[in-house]
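Fold and contact review
As a plain string of letters, each chain reads:
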Amino acid sequence: MLSSTNSQAQFFRELRSLLRAPYPLVVIRTHEENRAAALIERLARGDDRPVQQWSPIEGFGDRSRNISAALDAVASDDQNTIYVFRGGHRLFEDGDRRRRLREIAATTEVDGPSLVLVSSIPIEAPELDKELSTLSMPLPSREVLGREYREIFPPDEMPELDGERLVAGALGLTAREARRAFHRVRQQYREARERNAIFDAEQAILAEKKRMIGEDDLLEYHALDRSLDDIGGLDLLKEWLDKRQDAFSEEARNFGLPLPKGLLLIGVQGCGKSLTAKAIGRHWGLPLLRLDLGVVFDGRRSPEEALQNAIQTSEAIAPCVLWLDEIEKGFAGDRAGRSARVLGSLLTWQQEKSEPVFLVATANQVQQLPPELLRKGRFDEIFFIDLPERHEREDILRIHLNRRGRMFPDDTLDELAVKAEYFSGAELEQVVVSGMYTAFADDRDLTPEDLLYAIQEIVPLYRTYEEDIKALREWAHGRARPASQERELLDFFD
Ligand code: ATP
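Everything numeric in this text was worked out from a predicted model, so none of it was measured. (Residues numbered from 1 in each chain as written. Predicted model: local features only at pLDDT ≥ 70, side-chain atom pairs only at ≥ 80, totals over all residues. Heavy atoms only, no water.)

1. What about the packing of aromatic side chains?
- The final tally for this structure, using the stated rule, is 12 aromatic pairs.
- Seen from their ring centres, phenylalanine 153 and phenylalanine 182 are 6.0 Å apart, and the 80 degrees between their planes marks the pair as edge-to-face. Placement of the pair is phenylalanine 153 in the loop between α5 (142-152) and α6 (163-170) and phenylalanine 182 in helix α7 (residues 175-194), with a sequence separation of 29 residues. With respect to burial, phenylalanine 153 and phenylalanine 182 carry one shared label: buried.
- An aromatic cluster is present here, built from Trp54, Phe60, Tyr83 and Phe85 joined pairwise through their rings.
- Just above the ring of tryptophan 240 sits the side chain of arginine 244; from NZ or CZ to the centre is 3.9 Å. (Phe/Tyr/Trp six-rings, centres within 6.5 Å; stacked < 30°, edge-to-face > 60°. Helix = DSSP H or I, 4+ residues; strand = E, 2+ residues; numbered from the N terminus. Buried < 20%, exposed > 50% of the residue type's maximum accessible area, 1.4 Å probe, protein only. Lys NZ or Arg CZ within 6 Å of the ring centre and 35° of its normal.)

2. Quick notes on unusual backbone geometry
- Although it is not a glycine, leucine 234 adopts a positive phi angle of roughly 50 degrees.
- By secondary structure assignment, the location of leucine 234 is in the loop between β6 (219-222) and α9 (235-243).
- Leucine 234 sits in the buried class, given a relative accessible area of 4%.
- A positive phi angle is found at tyrosine 422, which is not glycine, with a value near 70 degrees.
- In this structure, tyrosine 422 sits in the loop between α17 (410-419) and α18 (425-441).
- The class of tyrosine 422 is buried, set by a relative accessible area of 15%.

3. Overview of the site of the ligand
- The ligand sits among 18 residues. The nearest are Gly232, Gly270, Ser274, Asn364 and Glu429.
- Take lysine 273: an N or O atom from its side chain is 2.9 Å from an oxygen atom of the ligand.
- Considering the ligand on its own, with 620 Å² of exposed area, one finds that the protein chains cover 85% of that surface.
- Broken down by secondary-structure element, the contributors of at least two residues to the shell around the ligand are α11 (273-284), α16 (390-403) and α18.
- Split into classes, the residues belonging to the shell around the ligand amount to six nonpolar, eight polar and four charged.
- Mapped onto the domain boundaries, the shell around the ligand takes at least three residues apiece from domain 3 (228-385) and domain 4 (390-458). (Near = heavy atom within 4 Å. Polar contact = N/O pair within 3.5 Å; in protein donor to acceptor, adjacent residues only side chain to side chain. Areas by Shrake-Rupley, 256 points an atom, 1.4 Å probe, with all protein chains shown as cover. Nonpolar A, V, L, I, M, F, W, Y, C, P; charged D, E, K, R; others polar. Domains from an automatic or database assignment.)

4. Focus on the domain arrangement of the protein
- For the protein, the assigned domains are domain 1 (6-136), domain 2 (142-215), domain 3 (228-385) and domain 4 (390-458).
- Computed from C-alpha coordinates alone, the two centres of domain 3 and domain 4 are separated by 32 Å.
- In this assembly, nine residues from domain 3 lie in contact with eight residues from domain 4.
- Buried area between domain 3 and domain 4, both sides added, is near 560 Å², and the carbon and sulfur share of it is 51%.
- Taken as a group, Asp230, Gly232 and Gly270 account for 56% of the area that domain 3 buries against domain 4, more than any other trio of residues on that side. (Contact = heavy atoms within 4.5 Å. Buried area = accessible area lost by both parts, 1.4 Å probe.)

Here you go:
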């Protein structure tokens, strides 16, 4: 099931062509009867056809719940009415009704009536296979959820809320679920405002979504709290991502662009692989799901089944970003052939998927990566993230100081960046935090000397893992694209 605008339009077109053909029996699989009925009304109006709606409670609005009588009405229709049966699975519950449906289908004229059976329950009727055309209605698009959002959060009442992010957070819900989630969050938001408390509306939407979809411990929803601006350096990688910001839009499809498949980020520990995965969701305005490969292999169910579940959920939420952290750990060792099978299914899906699920895989240890993962066509690009260079270290220090409301002049930051040679992004963040502890303990504000002191105290991982890092660099050379433009100081060919 898709929720992109593209798939909504495609669904609409397919339904229209089935009804125009006409296919006499069309099944729409959905939990959203009202939305399906509204869509059919729209289609019928466009084609100038009458519509009759039947429901198990209201009948045709006359409260006659007798299904046989309803089918008699359809059989004797001499117009081209579209009959919408809500709870449509009931029509298949006994053999006589199924036979009646077959007769109706067989005798329907080209300009006769159509039956649309709307149901959330799968319909099993092998004897009607030839007559039935089944479509799954996609989950509501961003536009539909945006309309729900604006009704519940009028922009003039709550201008401080970031509507786009809240709508992105609700993707994957039906329109009704989204409405309920928005109402609940609005209530919580008002209560927080009365108490003057800080309230994170986006987290609250994600929490609602987890409750509604039923949180699966395989997949974890991440708040979209990091942006590309939170990443220091990595200019080439950021440029690549920025260029694809609208890659999931209908305009991109119409332009003839393929759907982006995914990225593999390989690199030195603590240099921003996870940070980048998080920022992609925010920059592209897509929900971010993290798949825990540890849980896939935890033995509580078969790993194949676990992966299938995760894929299905992510497809239901698509368009989205699916993040596989430390992918090498999932596929290390043989695990009695299981990891090879799971990897096989993952790669097949990755190669063939038509749903807009963008896979971001991250890895530190390339030796353990199965070679088939690196084959062309699996990922759109493989990026190598190295230790930051001098100007990148300056950038990273600036970002982490900024996050904590501090700032030093550029030349001071540059001097610190020179001293912090071989520090990773995570270690530079640690420098800022540790400097702040020192200042706090002395009951004064942070100074550049505190940072310098921290730089001298912290031993970067590079000192311990120099050989591994150099081996990683050599491996990446020619196999992966550098995430940063220029390497000027690290000893590549040492
Ligand atoms: P690991 O392989 O250990 O998971 P990683 O490459 O995924 O490492 P991150 O988890 O992204 O590294 O980095 C840890 C933290 O270090 C980030 O949350 C961020 O605060 C900081 N950091 C790392 N790289 C950068 C960067 N380029 N710019 C800003 N902050 C960074």
